[in-house]
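Close look at the chain arrangement
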Amino acid sequence: MNDFQDKVAIVTGAGSGIGAAIARELAERGAILIAADLDLPAAQEVAGEIRADGGHAHAVEVDVADAEAAERLVAFAVETGGGLHLAVNNAGIGGPNENVADYPLDGWKQVIDVNLNGVFYGMKYQIAAMLNSGGGAIVNISSILGSVGWSGSSAYVTAKHGLVGLTKTAAIEYAQQGIRVNAVGPAFIDTPLLSKNLDEETLGQLAGLHPVGRLGTSEEVSALTCFLLSDRASFITGSYHLVDGGYTSR
Ligand code: NAP
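In this text, all values refer to a predicted model and were calculated from it rather than measured experimentally. (Residues numbered from 1 in each chain as written. Predicted model: local features only at pLDDT ≥ 70, side-chain atom pairs only at ≥ 80, totals over all residues. Heavy atoms only, no water.)

1. So, the overall build of the protein chain
Per the secondary structure count, the protein chain includes eight helices and seven strands. For the protein chain, whose C-alpha radius of gyration is 17 Å, the value lies close to the compact-globule estimate of 18 Å for 250 residues. The dimensions of the protein chain, computed from C-alpha atoms along their principal axes, are 45 × 35 × 35 Å. Put simply, 71% of the contacts in the protein chain that link residues at least 6 apart link residues at least 24 apart. (Helix = DSSP H or I, 4+ residues; strand = E, 2+ residues; numbered from the N terminus. Rg over C-alpha atoms; globule rule 2.2 N^0.38 Å. Contact = heavy atoms within 4.5 Å.)

2. Looking at helix 5 (residues 154-174)
Here helix 5 is 21 residues long and its end C-alpha atoms lie 30 Å apart, about the 30 Å a rise of 1.5 Å per residue gives. Among the structural elements, helix 4 (105-131), strand 5 (136-141), strand 6 (179-186) and strand 7 (240-243) are those in contact with the buried residues of helix 5. (Expected span 1.5 Å × (residues − 1).)

3. A few points about the pattern of salt bridges
With the rule as written, the count across this model stands at five salt bridges. Here Arg24 makes a salt bridge to Glu49, at a shortest N to O gap of 3.0 Å. Residue Arg24 is found in helix 1 (residues 17-28), and its partner Glu49 is found in helix 2 (residues 40-52); the two are separated by 25 residues along the sequence. Exposure remark for Arg24: the relative accessible area of 31% places this residue in the partly exposed category. Its salt-bridge partner being Asp113, residue Lys109 comes within 2.9 Å of it at the nearest N-O pair. Separated by four residues within a single helix, Lys109 and Asp113 lie in helix 4, roughly one turn from each other. Residue Lys109 is classed as exposed on the basis of its relative accessible area, which comes to 51%. (Salt bridge = Lys/Arg side-chain N within 4 Å of Asp/Glu carboxyl O. Buried < 20%, exposed > 50% of the residue type's maximum accessible area, 1.4 Å probe, protein only.)

4. Topic: the site of the ligand
With respect to spatial proximity, 29 residues lie near the ligand, and among them Ser16, Asp37, Asn90, Tyr156 and Thr191 are the closest. One nitrogen or oxygen atom from the side chain of Asp37 is found 2.7 Å from an oxygen atom belonging to the ligand. A distance of 3.2 Å is found between a nitrogen atom of the ligand and a backbone nitrogen or oxygen belonging to Leu38. Relative to its free-state accessible area of 880 Å², the ligand is covered by the protein chains to the extent of 91%. Elements supplying a minimum of two residues to the shell around the ligand: helix 1, helix 5 and helix 6 (192-195). The class makeup of the residues in the shell around the ligand is 16 nonpolar, eight polar and five charged. (Near = heavy atom within 4 Å. Polar contact = N/O pair within 3.5 Å; in protein donor to acceptor, adjacent residues only side chain to side chain. Areas by Shrake-Rupley, 256 points an atom, 1.4 Å probe, with all protein chains shown as cover. Nonpolar A, V, L, I, M, F, W, Y, C, P; charged D, E, K, R; others polar.)

5. Overview of the packing of helix 1 against helix 2
With their axes 10 Å apart at the nearest point, helix 1 and helix 2 run at an angle of 25° to one another. Comparing the axis directions of helix 1 and helix 2 gives the class roughly parallel. Here the hand of the crossing between helix 1 and helix 2 comes out right-handed. Together, Ala20, Ala23, Arg24 and Ala27 of helix 1 and Val46, Glu49 and Ile50 of helix 2 make up the contact between the two elements. (Axes fitted to C-alpha atoms, helices over the stretch in contact; angles between N-to-C directions. Parallel < 35°, antiparallel > 145°, perpendicular 65-115°, else oblique. Left-handed = near helix turned anticlockwise from the far one by under 90°.)

See the structure below:
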C-alpha cells in the first residue's frame, strides 16, 4: 500500500516504541519521514533502518518542549520535503509517581511541558505549514489516561486529558481548511517507557488489567494512527480513539 506516497510526515519521539512503529509504517506506505527525537542516535537508527528498506527518512534532534525547536523542525520538513502533510505528536514522558500533595513542582512542570505544551508547539507550526501545503492530517498520542485517572500520575493524566481538548479545538478551527486532527488513546503498550521503569511482576499485573489479557504492541497503535492519517478517515476529525484491549470497557 503506497497511500502516503510522497507525503511529508513528522513523527516526534520516533526513536523508540510507538513513535518508531508509526515512523516505520508511514515510510513503508510511501511517506517522506522526518523522525524527530530528543535522542538523536535513536532517531538516526530508525531513519537508517527505513532507508535500508528503500524508504525515505531523515533524523532530527528536537526537544518538543522547546517552541523554537518545534518551529525549526517544521521548517526542516518543509525545506527537505517541499511541504508538510502529516504529523504525529507522540513524544512523551511518564514523570514522577507521587500523589498530588507530594507531587514535585519541577516534575509537574516537566511533564506538562513535554506532554501538553509540546503538542501545542508542534501543532502551532505544523498547521501553518499544512495550510501552505494544501491540507493535512495530525494525530496526537494521548492515552487511556486522557479519559480516566491513575493514582500517582496527576501531571501525566492532566496532560493527556488536556491534549484531547486541544485536539478537538484545533479540529473545529481547521475542519474547513482541509486539516483533520484526531487523538489516539492507547492502554498499556509494551515499549521502553514501561520496560525501563517497571519490573516483570508489575508488567504482568498491568497486562491483567486489559480484558484481552496482555499489553498492546506499538504496531497496534500504529495501525490505528496510520488509518486516522489516511484518506480513508476523511470524515473523521476532532475525535479521540482508544486502542486499549478493552481496558476502559470494564
Ligand atoms: P518511549 O518508548 O519512551 O519513546 C518515547 C520517545 O520520545 C523516546 O525516544 C524519548 O527519548 C522521546 N522523548 C522524550 N521526551 C522528548 C522530548 N522532550 N522531545 C522529543 N522527544 C522526546 O515511549 P512510548 O511508550 O513509545 O510512548 C510514546 C507516546 O505514547 C507517549 O506520548 C506516551 O505517553 C504515549 N503512551 C504510551 C503508552 C505505553 O504504555 N507505552 C500508553 C499510552 C500512551 P528518551 O528515550 O531520550 O526520553
